[in-house]
Structure formats: C-alpha cells, structure tokens
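Architecture and fold: a report
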Amino acid sequence: MATFESGQGFCIYDDNTISARNSNLGDECDSTDYYPRFIRALYDFAKEISKEKKFRIHKVDLLNYTLLLFDSGELLWGFFCDFWDNMPYTEEKIMKIIKLLDPIVRKADKTLPLKIDNSFHLQLDRILATQVFPNDKLEEIDDIIEKLDNTSPPQITITSVYLFDIDGGIVKAWEPHKDYTGEIRRTLYKLVCEMPFHFQSRLELNIDIGSHENEGWRILRLGNTEFAMCFRVMYASEHRGLLNVITDSTCEKVLEIIKDDIQKVSTKVSHYSYEIQTKDFFEFDYKAT
C-alpha cells in the first residue's frame, strides 16, 4: 500500500512467494521496503502511458506473475498475483481485502510503519486461501469421461474435456487428439479467465456460415467450488438441450465425487501441483527456479 501524497508505503501482507532479497537489487534490499516504491513507480508509469488521471484497476504482467494496481483515491494498493488468476475472481478478493484494511490504514499515522494485528493476518489468510483439487479422485473421473465418450449420441460430438481450476490452470485434460499448436488451450484459458466470479455455466460458440453444426465450448462450474468442467463440442442447433443434459449430468457426477475432499490451503503451495502448467499453454520456455 502506498500514499499518493508522499509516494511512501508499506508491505501489509507477504507470504514470501516472491522476494526481493538476494536478487540483483543486492542482499541488503528488503522486499518490505522495495515493493511499495516499485508499486508507486509502476503506477506513475501506467498513468503516463494510459493518459488517464485515474483508473480503478491496472494490470501489469511480470512474466509468471501479475501486479494489480488499485486506486482507491487517497491510497494506492498493489497486489502481486500468480500467473493464472481469473480477473473477476481476483477483483472479488481484492475488494474483500480493501474493505477489511482500508479503515485501519486511513486512521494510521502515515509517517510510521504500519502494524496490522495478527487477527487481521488470519482474516487475510482466509480470503487468500484457494481450493486444491483432490487428485486421488481423478481415476474415478476418468471412468466418467470414458463413459461419456462411449455413450454420447451421434448428433453430439465432444472432442475434448478439461478439468480446470479457476485460479490454478488445467488439472486434467482428456484429448483424443493432442493440441500441438496450443490454440485450443489458449482459447480455453481466455474463456475461463474472463468468467464472472459467480458464474455457473457458459456456452461459447463459433458458428460456421453454411454449416448445420455449432462448434464451441460448454463450460460449467462445479457447484460453488473453484473448479469447472470445460467441454469442446460440435452439435446441431436442435440438440442444444440434449447437450446441456449430458454435460450437466457429467458435472453433477464429478461434483459428487470431490465435494467432501476439497482442501482449502494458502495460495503459496497450491498452484504448481497440477500436471499441466504454464509451459503447456504458452509458447515460451519456462524454467522453475
């Protein structure tokens, strides 16, 4: 968090996923001192290139991370996020954090280091926690998808199915034909990451002129969890109702399997446990450090 008047600020919460220590800045640089100045500098830069005096939220991509800048008037809030974050999902959490901390920050003496009670840190932990998919249930889900492939009527073709973590990427992919170019997965990633926070289902179509078939995606959230089933489909328009019945039924079965085994953990440890990660989506070399 930084103040506009002075440009000074404080690191309010840090789970140590990203650190400025032992970097090119030198061993003596502390992230709690570095980040607020960095955030303010990026804000000034973003304001200059956008030619806007004020903006509600500004997104800066930093390779595998994202910096979100939120202007609340007197204060500037900076949030470092992991690569996958769905923006509506992220904004929902940002608003909860600001609602929690803004009254405390506004009353504080801006010339002194800001101290947040441990009780607020615990509340932040709860807001920032994420759900981790129970991987030991994937074998049961494999059986459901296999039966789906064998029982779908000829009027409907499901070309691939993806189990997606809204803020963690693909958990599992069922692809009869490998997506070597990555085009299918990039389209899926874009669709899921634009989903409203409270979405339940979405049908996204690409309709070829002169064709009697629709091709596109049926995406359904698994209940109120952070997971979604994504079906790439081809079907005739008159069979949309049947498509909905088949995909709804599949999702209900998957939710029934996982609902009692979903764990909620800190975001720090959750996002690199899946078998399909950033490098499978985008065309650049990613090396974990």
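Reading the values: the criteria
- Residues numbered from 1 in each chain as written.
- Predicted model: local features only at pLDDT ≥ 70, side-chain atom pairs only at ≥ 80, totals over all residues.
- Heavy atoms only, no water.
- Buried < 20%, exposed > 50% of the residue type's maximum accessible area, 1.4 Å probe, protein only.
- Helix = DSSP H or I, 4+ residues; strand = E, 2+ residues; numbered from the N terminus.
- Pairing = 2+ DSSP bridges.
- Salt bridge = Lys/Arg side-chain N within 4 Å of Asp/Glu carboxyl O.
- 1 Å grid on protein atoms, 1.4 Å probe; cavity = no way out; pocket = protein on both sides within 12 Å on 5 of 7 lines; lining within 4 Å.
- Points joined across faces, edges and corners; volume = space filled by probe spheres on them.
- Nonpolar A, V, L, I, M, F, W, Y, C, P; charged D, E, K, R; others polar.
- Axes fitted to C-alpha atoms, helices over the stretch in contact; angles between N-to-C directions.
- Parallel < 35°, antiparallel > 145°, perpendicular 65-115°, else oblique.
- Contact = heavy atoms within 4.5 Å.
- Core = buried A, V, L, I, M, F, W, Y, C linked by side-chain atoms within 4.5 Å.

Thoughts on the pairing of strand β10 (residues 227-236)
- With respect to burial, β10 is a largely interior element, eight of its ten residues being buried.
- For strand β6 (residues 156-165) and β10, the ladder comprises nine bridges, and the chain directions are antiparallel. Within β10, the residue paired with I158 across the bridge is V233.

A word on the pattern of salt bridges
- On inspection of all chains with the given rule, the structure shows five salt bridges.
- For K137, the salt bridge goes to E140, with nearest N and O atoms at 3.9 Å.
- You can call K137 buried: its relative accessible area is 18%.
- The partly exposed category is assigned to E140, whose relative accessible area is 40%.
- The salt bridge partner of D261 is K137, with a shortest N-O separation of 3.6 Å.

With respect to empty space enclosed by the protein
- Under the definition given, this model contains one cavity of 30 Å³ or more.
- The volume enclosed by the largest cavity comes to roughly 30 Å³.
- Every residue along the wall of the largest cavity is listed here: N86, Y89, I166, M195, P196, F197, F199 and R221.
- Its residues placed into classes, the lining of the largest cavity shows six nonpolar, one polar and one charged.

Some words on the packing of helix α2 (residues 87-107) against helix α3 (residues 118-128)
- Where α2 contacts α3, the two axes come as close as 10 Å, and the packing angle between them is 170°. Judged by the inter-axis angle, α2 sits roughly antiparallel to α3. Residue-level contacts link K93, K96, I97, L100, L101 and I104 of α2 to F120, Q123, L124, I127 and L128 of α3.

Topic: the nonpolar core
- In terms of nonpolar packing, the biggest core is built from 25 residues, with I141, L163, M229 and F231 touching the most fellow members.
- Broken down by secondary-structure element, the contributors of at least two residues to this core are α4 (138-151), β6, β7 (169-174), β10 and α6 (240-258).
- Take this core: its biggest share by element is six residues, from α6.
- Not counting the four nearest positions on each side in its chain, L163 is found in contact with F133, L138, I141, G169, I170, V171, K172, W174, L222, A228 and M229.
- Residues L100, V105, L114 and I116 belong to the second largest nonpolar core, which totals 19 residues.

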